[in-house]
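Examination of the molecular architecture
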Amino acid sequence: MTKISDGSAGSKRSEIGGIPTRYIGIGVLVVLAVWFLFANLDTVKIQFWVFTVTAPLWIALLATLLAGGALGWLLKGRRGR
């Protein structure tokens, strides 16, 4: 006898108000990141090996956040190997 699964066993995910908690967590992190960026509006000097750049701190933080996110996205497939 063949058992047919409808995909409901073991795939139950928690939700709050019909929204998956994963999306809620991502939304909270995005709001905190934006708040942190706009709480740091001072101008800073960023020194690289050869040159120095003057820019608002929020731009430097945003660039770092985007670089970290891109690196995490690129390396996420290597976790199971």
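All right, on to the overall build of the chain then. Across its full length, the chain carries two helices and four strands. Reading the chain from its N end, one meets helices and strands in the order β-β-α-β-β-α. Here the chain, with 81 residues, has 2% of them falling under the buried criterion. Put simply, the chain shows about 7,600 Å² of open surface, and 66% of that area lies on carbon and sulfur atoms.

This brings us to the packing of aromatic side chains. Evaluated as defined, the whole model comprises two aromatic pairs. Both rings, one in Phe38 and one in Trp58, keep their centres 6.0 Å apart while their planes meet at 25°; by these two values the pair is stacked. Taken as a pair, Phe38 in helix H1 (residues 21–38) and Trp58 in helix H2 (residues 57–75) lie far apart in primary sequence, 20 residues in all. Overall, Trp58 belongs to the partly exposed group, its relative accessible area being 28%. A ring pair is formed by Phe48 and Phe51, whose centres lie 5.0 Å apart and whose planes are at 40°; its orientation type is tilted.

To continue, consider the pairing of strand E4 (residues 52–56). Sheet analysis places strand E3 (residues 43–47) next to E4, joined by five bridges and oriented antiparallel. Residue pairing across strands places Gln47 opposite Thr52, the latter belonging to E4. The antiparallel hairpin formed by E3 and E4 contains four residues in its connecting segment.

Here H1 crosses H2 at 150°, and the two axes come no closer than 8 Å. Accordingly, the angle class assigned to the pair H1 and H2 is roughly antiparallel. Two secondary-structure elements touch here, H1 through Ala33, Phe36 and Leu37 and H2 through Trp58, Leu61, Leu62 and Leu65. Residues that form the contact of H1 with H2 fall into these classes: seven nonpolar, no polar and no charged.

What follows concerns the environment of Ile46. Assignment of secondary structure puts Ile46 in strand E3. Ile46 has contacts with Phe51, Thr52, Val53 and Ala60, leaving out every residue within four places of it along the chain.

Parameters and conventions
Residues numbered from 1 in each chain as written. Predicted model: local features only at pLDDT ≥ 70, side-chain atom pairs only at ≥ 80, totals over all residues. Heavy atoms only, no water. Helix = DSSP H or I, 4+ residues; strand = E, 2+ residues; numbered from the N terminus. Buried < 20%, exposed > 50% of the residue type's maximum accessible area, 1.4 Å probe, protein only. Areas by Shrake-Rupley, 256 points an atom, 1.4 Å probe, with all protein chains shown as cover. Phe/Tyr/Trp six-rings, centres within 6.5 Å; stacked < 30°, edge-to-face > 60°. Pairing = 2+ DSSP bridges. Axes fitted to C-alpha atoms, helices over the stretch in contact; angles between N-to-C directions. Parallel < 35°, antiparallel > 145°, perpendicular 65-115°, else oblique. Contact = heavy atoms within 4.5 Å. Nonpolar A, V, L, I, M, F, W, Y, C, P; charged D, E, K, R; others polar.

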